[in-house]
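# Observations on chain architecture
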Amino acid sequence: MSHPPSESAGAAAQPGQGSLSAPVIEPGHTFASVTDKISAIVLSRQSPRSWFVGFAISFVLLMVFLYATGYLLATGVGLWGNNVPVAWAFDIINFVWWIGIGHAGTLISAVLLLLRQEWRTSINRFAEAMTLFAVACAGLYPLLHLGRPWVFYWLLPYPNTMGLWPQFRSPLVWDVFAVSTYGAVSLLFWYVGLIPDMATLRDRARRRVAQVVYGILAMGWRGSAVHWHRYQVAYLLLAGLATPLVVSVHSIVGLDFATSLLPGWHVTLFPPYFVAGAIFSGFAMVMTLAIPLRAVYGLEDFITLRHLGNMAKVMLATGLIVAYGYLMEAFFAWYSGNEYEWFLTINRALGPYAATYWSLIVCNVAVPQLLWFRAVRRNVPLLFVIALVVNVGMWLERFVIIVTSLHRDFLPSSWDMYYPTVWDLAQFAGSIGLFLTLLFLFIRFLPVIAIFELRELVHDTEEGHA
Amino acid sequence: MTLDPTRRDPRAPAPLARAGEAAGGLAPGNRAYWRSLEQLAATPEFRSFVEREFPRHASEWHDVSGRRNFLKLMAASLALAGATGCVREPAETIVPYVRSPEQAVPGKPLFFATATTLGGYARGVLVESHMGRPTKIEGNGEHPASRGATDAFAQASILSLYDPDRSQTVMFRGRIDTWDRFLTTLAAELPGLVNRQGKGLHLLTGTVTSPTLADQIQRLLGRFPAAEWHQYEPLGPDNIRAGARLAFDSDVDMLYHFDRARVVLSLDADFLAGMHGSLRYARDFMQTRREAAHKPGAGAPMNRLYVVEPTPSLTGAMADHRLPLSGGRIESMARAVAARLGVEGFDGAGEAAEGVWDRWLAAVAEDLSGQRGAGLILAGEGQPPGVHAVAHAINGALGNVGRTVEYIEPVEARPRDQRASLADLVRRMRSSEVELLVILGGNPVYTAPADLEFADNLSRVRLCIHLSDYYDETSFLSHWHIPAAHELESWSDARAHDGTATILQPLIAPLYGGKTAHEVVAALSGEAQRTSFEIVEQHWQERLESQEPGAAWRKALHDGIVPGTAAEVRQVQWSPASGTMDDALREDQAGDGEPVEIVFRRDPTIFDGRFANNGWLQELPKPLTKLCWDNAALISQATAQRLGVANEDVVELHVGKHTVDAPVWIMPGQADDTVTVPLGYGRWRTGRVGEGLGFNGYAIRVSDQPWTARGRLKKTRRRYPLVTTQDHWSMEGRDLVRVAAWDQYERQAGHRQPNGDAGGGDAGGGPAAQAGHGPAAHGGHEPVSLYPEYPYEGNAWGMVIDQTACIGCNACVVACQAENNIPIVGKEQVGRGREMHWLRIDRYYEGEGDDVAGLLGNPQTFFQPMLCMHCEKAPCEVVCPVAATVHDHEGLNEMIYNRCVGTRYCSNNCPYKVRRFNYLQYVDEKTEVLKLLRNPDVTVRSRGVMEKCTYCVQRISAARIDAKKENRAIRDGEVVTACQAACPTQAIVFGNINDGTSRVRALKELPLNYALLDELGTQPRTTYLARLVNRHPRLGAAPIAGAQRGERDQEGERTGT
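Residues numbered from 1 in each chain as written. Chains lettered and ligands numbered in written order. Predicted model: local features only at pLDDT ≥ 70, side-chain atom pairs only at ≥ 80, totals over all residues.

Time to look at the overall build of chain A. Each helix and strand counted, chain A has 16 helices and zero strands in total. Relative to the compact-globule value of 23 Å for 466 residues, chain A shows a C-alpha radius of gyration of 23 Å, a close match. With respect to the three principal axes, the spread of C-alpha positions in chain A is 75 × 55 × 40 Å. A buried classification covers 50% of the 466 residues belonging to chain A. Across chain A, every contact between residues at least 6 apart in sequence was considered, and the portion connecting residues at least 24 apart equals 80%. (Helix = DSSP H or I, 4+ residues; strand = E, 2+ residues; numbered from the N terminus. Rg over C-alpha atoms; globule rule 2.2 N^0.38 Å. Buried ≥ 20, exposed ≤ 12 C-beta atoms within 10 Å, placed from the backbone. Contact = placed C-beta atoms within 7 Å.)

In structure tokens form, the structure reads like this:
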């Protein structure tokens, strides 16, 4: 698979490989049809009305985000509902939620690449984009939640006249490294993967501006064998680099909590359980985005039921790990005999925030069990609903972990309730706006599916049946 | 010249007025003044003026929610607009000191002795002054009413001094005027007065103990024999005075000696926090307890406190046995005790004693009769005179007089029945006999009993002059308003509860041109040119004898007390006029048949309303309810259930035809069918801080039932939000406040080896606390760590808080606030859980399994002061990403404000939740005058920064510098934290735990010492002494928290957790 498939190779792809599973690409596609269909979204096709509607809504939300952020910086984090004892709330909930969502991209791109799961091809590009945008949203929260955000760079190890380093025992410093590394590697990985497609767009673009812009972004890609060779090596190396990050980022986010002595946070289980939760929510988000995308742009041939089914299986597996995590949390609390841990467990289930806890159990444990059924996995609207439910459930999980642990800890005298303010909600809705705006722009201006990889797939499928 | 009837205060009848309604009261049409202002305010010139003068608030003009503030500012701006022409500072050449003022060293504070008064009585204080500006108040150790301690009011008075809302100009009928014009007016009145022998001149003051003022008034009355002097103090001790008169047929004051008392029975007397002399009484009472607790087995006697009261007080919270009893039944209780003790004249007629009550009476009687001469029974100001008389009778019969209680000459200059005195004034006002009314301090329009209709009758006074520190309700309805100088700005004098006089000296020239009562009385006497200083100095120079002229005066000023001025002890005879006892007891029967008893009490933080504009006191959580910024009608759980009301439900309270709306708050330990109404709220004219908060209890207080009234309570469908700093009252069965029974503790501690292994010895049921080990004294658990302990050489600071002695009085909280520049945040932010107090007092209840009292019926109350524990293994430090909180070599957990970025993880990881975060810009950095208030040794924190208790590191540094200069170690007791200094009961001890001879080390080695949440391995440097309770053996040993704890600890060790 080292030579680039040429557009003129026009033999029809044969039906999928065997009867065990649905095809990863619908039969009947040629190199040309793949290229046409995907590049047309960017270059020639009129954007559908739904794109404009979606983009408009997202853009309004983005403006809400900017307004909320501006007011926050001018006034202080007191705009939010945080208090003592609940000093972290929506800020960190949303941070962890977004970071979790950002996990699917790397997993799909890197881990599945290394495992040679070819079905990843149709979804990796926008999963990576989604990762990037989610990490961007996530990264903003720790900055904005600081009391004095203008000195955020004190968390970075840089030479300074004060002769001070960050305090390396703090998991928040680890977090800075983990998230920034993850963001950087994700960006590189995504961009490197885009280069051959940039060249395709450059070549097919009619308008001068598009030719220049895509030309610059293609970095002189000519499709020579040397290019392809170096590209493959670089991509594999990056995949190798990115793979440990899938585990490390969310482990460290888990350690943000686990290193504390707060009941409900002080749990050794957190790193693996957080990683599973992140993949769980990441796949749910990919599904949430892929289902409308394939419907609107007619990409059912490329994002097939097989993709959706596989993602549903990953969700089921990680969902079970997460459920096991919930069970073990409760078991540890009981088995430890620690009165504070046990109180926390009871308080989660029966205290003032019990509704969030039970909603979380329904969303993350009960509902995903439907995915055991093949019929459910092939029912696209139902999958969409389940994915949404899991997204909500994972947000609630972070709420339960953060708020219910903090609001009643050791001394009953300091117990208090947390209620979000309108600014908490505006900031959250706004960050969704930021995410969607970036995503809509991505759909409009970049190929949502890796064209050259699909062409490879067409070629491979063809050869396999030749 | 009579008052314009349209000048009735538009905001007056607004009980529970929301801020919006109050602002609505500024509607045009009330006064020409406001109309013109609104016209003026609309002009572009005015707006540009405002923007120039108040740039920060200028934008609020465009902001709907900011309009109210803007209206307030307009008032101020208008005043300034009028004043700019004449009060501009002249340009002058500034010359540095040619000769430095005596003792003034820049950066080193000076301390001056003076006093602050409350209800007329002095508490001696030392005021810290930095380069001429007073910043902090400490107690005066020489003063008999202070002994070095202060209360929350004294601590907060420094804020009142700088309060920008204090009245700043003389006002005449609502317009700015001058002192000179006032003098001219007065001078015009004087000839007429002289002709009439002073007829028509009426003077209204509060309780006067000031010898100088009393002397001045006497001389004024000498000059105007037909003039009248009325006194009214809304929380005055009329009943106490009447009780003494009933018993002895003469006016005497009581002086109690709690240090000599072994058994105390308090009949609704809050002697630990609510009486004149409470600071001293609390100290004396706790001294006995402390000495016994700190030397177990030495045979030191322990006292026992019985309290009967309708509504929980701090004294009730400290009681070994407390009985909630509605106010009207206390009298029969007192008579029953007297009968049991066989006091002559009491035959036991009264309420039938049965069940628990019978056991209670038996125990009290047994203890009191077993401790003849060392017992003490006292009644509170809220009890009718008859109860006081019974108390006097019992004390007399048991031989306590002369030992635990002494009768002394009255401290007040002229003891009077003040209610009658005010009623007399109002009667004369109504009949238009009052030509010239001079009100020296006080705010009778607000505080006078509702049935007197003081405000309405004030309009019949021809000329009314009001001296007060705020332009308040009374000022608004008076013709002349004279701004009063603050006590820290004036020369004056006052006497303590035992009669000792203190000369008040000013710390600073009047900031706002205030005048003193001395000057106003002098002006009335035609001596307007005399200053307060001359008046006070002359008074004392005439009376002080000394070898060298002026030496005694200077010594009295320096010491803060005038020697030899204590009141003389009187020998009195129990001589109740026959029949008067029964009459007295019938006094409070008025309004019988009404279903609910309404009990009026002073507010624990804003007193009678005079501190309404003091933000520190408004935000200070009430010791028992933990409410701030509001008052509430307190009712018991059972009554709330019966009425179907819950917290924050608004009810109508009716007394006769008077009514007020009040939110309800459920108060554990409240007597059933009794509603407590804290006075002092519902102010409609005081300042930006205090207006429109709470409800006005005075609106239903009538002169014949001033303390306990019968009334009705009606539900409404409204709710009123209240904010509290502590939502949970239960310890959830956790090991937080440990309690030990005195007899068990003494028995076991007596057998203990001095430094033996205390922990293993006492099986379940014993005191849970265990001896500390090593210098760090961590309590029972040995630290388990992979790392070696950090060796602390030199000083290792630590603190011990004695929960037996802590009475929860809040003095330390305000002291900490004053010392450390802690901002207030306002009601809305407190409601969000963002109060900033570095030191808070946690209050927990634990139910007694008694049959009178359910869990909430009569719980045991515990106080636990909570501040940074300065953990040796501080969880906050490891999680800070920028090393903004670090440990120092003396064991302090330090907070570096300018390094803090505000991640707040430290707060999340603090098990004690003592860290406070500046969620918004809480410190007012714009108001110039408040800058004078700040302690220059403590950083002022901006928004986005975490802060917490530092163990008063600035005081440690000051002591270290002094010690280094003298090349010595810091002595024990040289560093006194602000909370420790203020504490009336010396419950807080701070020092070097490495020093084997230090007090703090000795306390840490007591078996009572324990570390809170020790099992977390935080190794806190602040530890607690378990609370000791001295129960009567036959009153049923209630479950003692510590006993269960002990068992559980043992069990925990066995299972290895």
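What follows is about the overall build of chain B. Check the secondary structure of chain B and you find 35 helices and 38 strands. Taking all 1057 residues of chain B together, the buried fraction comes to 56%. Restricting to contacts in chain B with at least 6 residues of sequence separation, those with at least 24 account for 74%.

Right, let's get into the sheet that holds strand S3 (residues 133-139) of chain B. All names here are of chain B. The three strands lie next to each other as S1-S2-S3, forming an open sheet whose pairing is antiparallel. Of all the strands in the sheet, just strand S1 (110-118) and S3 have a single pairing partner and so form its edges. Across the sheet, the axes of successive neighbouring strands diverge by a mean angle of 40°, strand direction being ignored. (Pairing = 2+ DSSP bridges. Axes fitted to C-alpha atoms, helices over the stretch in contact; angles between N-to-C directions.)

The subject of this paragraph is helix H10 (residues 278-294) of chain B. Residue and element names in this part refer to chain B. Given a rise of 1.5 Å per residue, 17 residues ought to cover 24 Å, and the 23 Å separating the end C-alpha atoms of H10 matches this to within 8%. Along its length, H10 shows its largest kink, about 25°, at Gln287. Most of H10 sits out of view: 13 of its 17 residues are buried. (Expected span 1.5 Å × (residues − 1). Bend = angle between axes of the 7 residues up to and from the residue.)

Attention shifts here to the sheet that holds strand S9 (residues 263-267) of chain B. All names here are of chain B. Taken together, the four strands give an open sheet; going across it, the order is S11-S10-S9-S12, and neighbouring strands pair in parallel fashion. Only two strands of the sheet have a single neighbouring strand rather than two, namely strand S11 (321-324) and strand S12 (375-379). Taking each pair of neighbouring strands and ignoring which way they run, the sheet shows an average axis angle of 10°. Pairing geometry for S9 and strand S10 (residues 304-309), over five bridges, is parallel. Bridging across to S10, Ser266 finds its partner in Val307.

Checked against the element boundaries, Gly615(B) lands in helix H23 (residues 615-619). Sequence-distant contacts of Gly615(B), that is, excluding residues within four places in its chain, are made with Leu159(B), Val689(B) and Ile824(B).

To continue, consider the packing of helix H12 (residues 330-340) of chain B against helix H14 (residues 385-397) of chain B. Residues and elements named next belong to chain B. Put simply, H12 and H14 touch, their axes get as near as 9 Å, and they point 15° apart. Here H12 lies roughly parallel to H14, going by the angle between them. Remark: the crossing between H12 and H14 carries left-handed chirality. Together, Ile330, Glu331, Ala334, Arg335, Val337 and Ala338 of H12 and Gly386, Val387, Val390, Ala391, Ala393 and Ile394 of H14 make up the contact between the two elements. Classifying every residue of the contact of H12 with H14 by side-chain character gives nine nonpolar, one polar and two charged. (Parallel < 35°, antiparallel > 145°, perpendicular 65-115°, else oblique. Left-handed = near helix turned anticlockwise from the far one by under 90°. Nonpolar A, V, L, I, M, F, W, Y, C, P; charged D, E, K, R; others polar.)

Further remarks concern the pairing of S1(B). Residues and elements named next belong to chain B. Relative to strand S2 (residues 121-130), S1 runs antiparallel, the two being bridged by nine bridges. For Leu110, the partnering residue across the bridge sits in S2 and is Ser129. Linking S1 to S2, which pair antiparallel, is a turn of two residues; within it Gly119 sits at a positive phi near 60°.

A few words now on the interface of chain B and chain A. Contact with chain B, which involves 46 residues of that partner, is made by 43 residues of chain A. When contributions to the side of chain B that touches chain A are tallied by element, the ones reaching two or more residues are helix H29 (875-879), helix H30 (905-908) and strand S33 (916-917) of chain B. In terms of residue class, the side of chain B that touches chain A is made up of 21 nonpolar, 14 polar and 11 charged.

Right, let's get into unusual backbone geometry. Following Val84(A), the chain continues to Pro85(A) via a peptide bond in cis, the omega torsion being 20°. For Pro85(A), the location among the structural elements is in the loop between helix H2 (49-75) and helix H3 (90-101). Positive phi is not limited to glycine here, since Met131(B) has a value of about 50°. On the secondary structure map, Met131(B) appears in the loop between S2 and S3.

So, on to the confidence of the model for chain A. On average, residues of chain A score 87 in pLDDT, and 94% of them are at 70 or above. Low confidence marks residues 1-20 of chain A, where pLDDT is under 50. Its contacts with residues over four positions away, or in another chain, come to 38 contacts. (pLDDT = per-residue confidence, 0-100.)

This next bit is on the packing of helix H8 (residues 211-223) of chain B against helix H19 (residues 517-524) of chain B. All names here are of chain B. The N-to-C vectors of H8 and H19 enclose an angle of 15°; their axes lie 10 Å apart at closest approach. Regarding the angle of H8 to H19, the classification is roughly parallel. Note on packing geometry: the crossing formed by H8 with H19 is left-handed. Along the contact surface, H8 presents Thr212, Leu213, Gln216, Ile217 and Leu220, while H19 presents Ala517, His518, Val521, Ala522 and Leu524. Residues of the contact of H8 with H19, tallied by class, amount to seven nonpolar, three polar and no charged.

Residue and element names in this part refer to chain A. With respect to the helices and strands, the residue Ser431 is situated in helix H15 (residues 422-445). By C-beta crowding, Ser431 is classed as buried, having 27 other C-beta atoms within 10 Å. Once residues within four sequence positions are removed from consideration, Ser431 is found in contact with Phe65, Asn94, Cys137 and Leu140.

Residue and element names in this part refer to chain B. In terms of residue burial, strand S19 (residues 596-601) counts as a mostly covered element, since six of its six residues are buried. Of the two faces of S19, both are covered, the one formed by Val596, Ile598 and Phe600 as well as the one formed by Glu597, Val599 and Arg601. Where S19 and strand S25 (residues 708-719) come together, four bridges link them in antiparallel fashion. Each bridged residue has a counterpart across the sheet, and for Ile598 the counterpart in S25 is Ala709.

It is worth spelling out the environment of Thr288(A) at this point. Residue and element names in this part refer to chain A. Within the element layout of this structure, Thr288 appears in helix H9 (residues 270-296). Judged by the 20 C-beta atoms lying within 10 Å of it, Thr288 is buried. Distance in space between the C-alpha atoms of Thr288 and Ala32 is 29 Å, their sequence separation being 256 residues. Sequence-distant contacts of Thr288, defined by excluding residues within four places in its chain, comprise Phe384, Ala387, Leu388 and Asn391.

All names here are of chain B. Of all residues in chain B, 82% attain a pLDDT of 70 or more, and the chain-wide mean is 83. Contacts from residues 753-779, a stretch scored under 50 in pLDDT, to residues over four places away or in other chains number 80 contacts. ipTM for the predicted complex: 0.90, alongside a pTM of 0.86.

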